[in-house]
Amino acid sequence: MTAHRLSWSHLGTLLSIAVAAPLALAGCNVTLIGGGDTCEVDGAVYSPGDSFPASDGCNTCTCTEDGTVACTLMECVSSCTYEGVEYPAGASFPASDGCNTCTCDASGSGNVGCTKIACPSCVPGEEFFDGCNTCSCDEAGGLICTDRYCPPGCDYGGVTYAPGDSFPSDDGCNTCTCTADGGVACTERACVCDPESEWWRNYVTEDREICPLIDFVCPENTTHFQSDCGCGCEQDKSCPEFFNCMPPAECDAAALQARCPYSEIAY
């Protein structure tokens, strides 16, 4: 037998080759690199401690210190729930916005993926009037509107109304409308009034001719009114004439009085 002497340089070369040689452990291609193991799964290389999705789409795998792969064993669902409705894996269905499409993940993860296309803002052919301009919906779902000048609104009784709005007249029986040019048009029915019987009202004056000349502020939870009998403040029509707070009834008298200042409270 012929003896061969190995130099340190030869020995280093052999060690380098051994360290780089791949080994197969537990279904992973494990390569020893600098003293640590890695796992190769489906062409991807993971380091010890790395986690990655399992091929079933719902479990998770981890590369361990010895180069093996450990995976969770959860049961994969076969359906998805969307807006309270259950769909089978792989099924497609309309999104809640009415224009996109969603799909239940076929791998059984239970996840739902939806397209994200921009939805039209209106129904093609639809028309509407905003009180000043007229708009129509084109075939692409876009709005086409006239471009007339719109006044800021109508001021009536200290309240600003938009064109087209209707609201009670100060006389309590007619109805007014804010017109497109910023004016106020009211019906002109004859109103019957009787300050003595109108318990829900507090007349500041019973001379309607003076009403335009005086300035007054109504208490909280009351509004201004004007009728053929004068003008003043009135409370909400939902307030009763009397509150029965006689025992054993329990009432918050202060709160009732604040909400309905012209109603009477019986203790």
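A brief look at the structure comes next. What you are looking at is a predicted structure, and each value in this text was computed from that prediction instead of being measured. (Residues numbered from 1 in each chain as written. Predicted model: local features only at pLDDT ≥ 70, side-chain atom pairs only at ≥ 80, totals over all residues. Heavy atoms only, no water.)

## Some thoughts on the overall build of the chain
And then number 1: When helices and strands are counted, the chain shows two helices and 25 strands.
And then number 2: Within the chain, the fraction of its 267 residues that count as buried is 27%.
And then number 3: Within the chain, contacts between residues separated by at least 24 positions form 28% of all contacts whose residues are at least 6 apart in sequence.
And then number 4: A total accessible area of about 17,600 Å² is found for the chain, and carbon and sulfur atoms account for 56% of it. (Helix = DSSP H or I, 4+ residues; strand = E, 2+ residues; numbered from the N terminus. Buried < 20%, exposed > 50% of the residue type's maximum accessible area, 1.4 Å probe, protein only. Contact = heavy atoms within 4.5 Å. Areas by Shrake-Rupley, 256 points an atom, 1.4 Å probe, with all protein chains shown as cover.)

## Points about the sheet that holds strand S11 (residues 101-104)
And then number 1: Ordered in space as S10-S11-S12, the three strands form an open sheet in which the pairing is antiparallel. Looking at the sheet topology across the chains shown, the edges are occupied by strand S10 (92-94) and strand S12 (112-114). The mean angle between the axes of side-by-side strands here comes to 30 degrees, regardless of whether they run parallel or antiparallel.
And then number 2: Sheet analysis places S10 next to S11, joined by three bridges and oriented antiparallel. Looking at the pairing, Ser 92 lines up with Thr 103 of S11. (Pairing = 2+ DSSP bridges. Axes fitted to C-alpha atoms, helices over the stretch in contact; angles between N-to-C directions.)

## Observations concerning the nonpolar core
And then number 1: Core analysis: the biggest nonpolar cluster contains seven residues, these being Cys 239, Phe 243, Cys 245, Ala 253, Leu 256, Cys 260 and Ile 265.
And then number 2: Residues within four places of Cys 245 in sequence aside, it is in contact with Cys 251, Leu 256, Ile 265, Ala 266 and Tyr 267. (Core = buried A, V, L, I, M, F, W, Y, C linked by side-chain atoms within 4.5 Å.)

## Observations regarding the state of the cysteines
By definition, a disulfide links the sulfur atoms of two cysteine residues through a covalent bond.
And then number 1: Inspection of the entire model under this criterion finds twelve disulfides.
And then number 2: At a sulfur-sulfur separation of 1.9 Å, the disulfide partner of Cys 135 is Cys 145. Looking along the S-S bond of the Cys 135-Cys 145 disulfide, the torsion reads about 110 degrees, which is the right-handed sense. Remark: Cys 145 occurs in strand S15 (residues 143-145) and Cys 135 occurs in strand S14 (residues 134-137); sequence separation between them is ten residues.
And then number 3: Under the relative-accessibility criterion, Cys 145 is labelled partly exposed at 40%.
And then number 4: Between Cys 176 and Cys 186 runs a disulfide, and the two sulfur atoms are separated by 1.8 Å. (Disulfide = S-S within 2.5 Å.)

## Side note on the pattern of salt bridges
Note that side chains of opposite charge can pair when their charged atoms are close.
And then number 1: All chains considered together, the criterion is met by three salt bridges.
And then number 2: Between Glu 198 and Arg 201 there is a salt bridge, with its nearest N and O atoms 3.1 Å apart. Across the pair, exposure class does not vary: Glu 198 and Arg 201 are buried alike.
And then number 3: Across the pair Glu 234 and Arg 201 runs a salt bridge, and its minimum N-O distance is 2.8 Å. Note that Glu 234 is positioned in strand S23 (residues 230-235) and Arg 201 in strand S21 (residues 201-205), a separation of 33 residues in sequence. (Salt bridge = Lys/Arg side-chain N within 4 Å of Asp/Glu carboxyl O.)

## Considering the layout of surface pockets
And then number 1: Here the largest pocket defines a volume of roughly 350 Å³.
And then number 2: Taken together, 17 residues line the largest pocket, and the ones lying closest to its centre are Pro 168, Asp 170, Thr 223, His 224 and Glu 234.
And then number 3: At the level of secondary structure, the elements contributing two or more residues to the lining of the largest pocket comprise strand S17 (159-161), strand S18 (166-168), strand S22 (222-227) and S23.
And then number 4: If one sorts the elements of the lining of the largest pocket by residue count, S22 sits on top with four residues.
And then number 5: Each of two domains, domain 4 (152-190) and domain 5 (192-266), supplies a minimum of three residues to the lining of the largest pocket. (1 Å grid on protein atoms, 1.4 Å probe; cavity = no way out; pocket = protein on both sides within 12 Å on 5 of 7 lines; lining within 4 Å. Points joined across faces, edges and corners; volume = space filled by probe spheres on them. Domains from an automatic or database assignment.)

## A short note on a nonpolar patch on the surface
And then number 1: On the surface, Val 204, Ile 210, Leu 213 and Ile 214 cluster together to form a nonpolar patch covering roughly 340 Å² of accessible area.
And then number 2: Note that Ile 214 resides in the loop between S21 and S22.
And then number 3: For Ile 214, a relative accessible area of 31% gives the class partly exposed. (Patch = residues over 30% accessible without salt bridge, like charges linked within 9 Å, V, L, I, M, F, W, Y side chains within 5 Å.)

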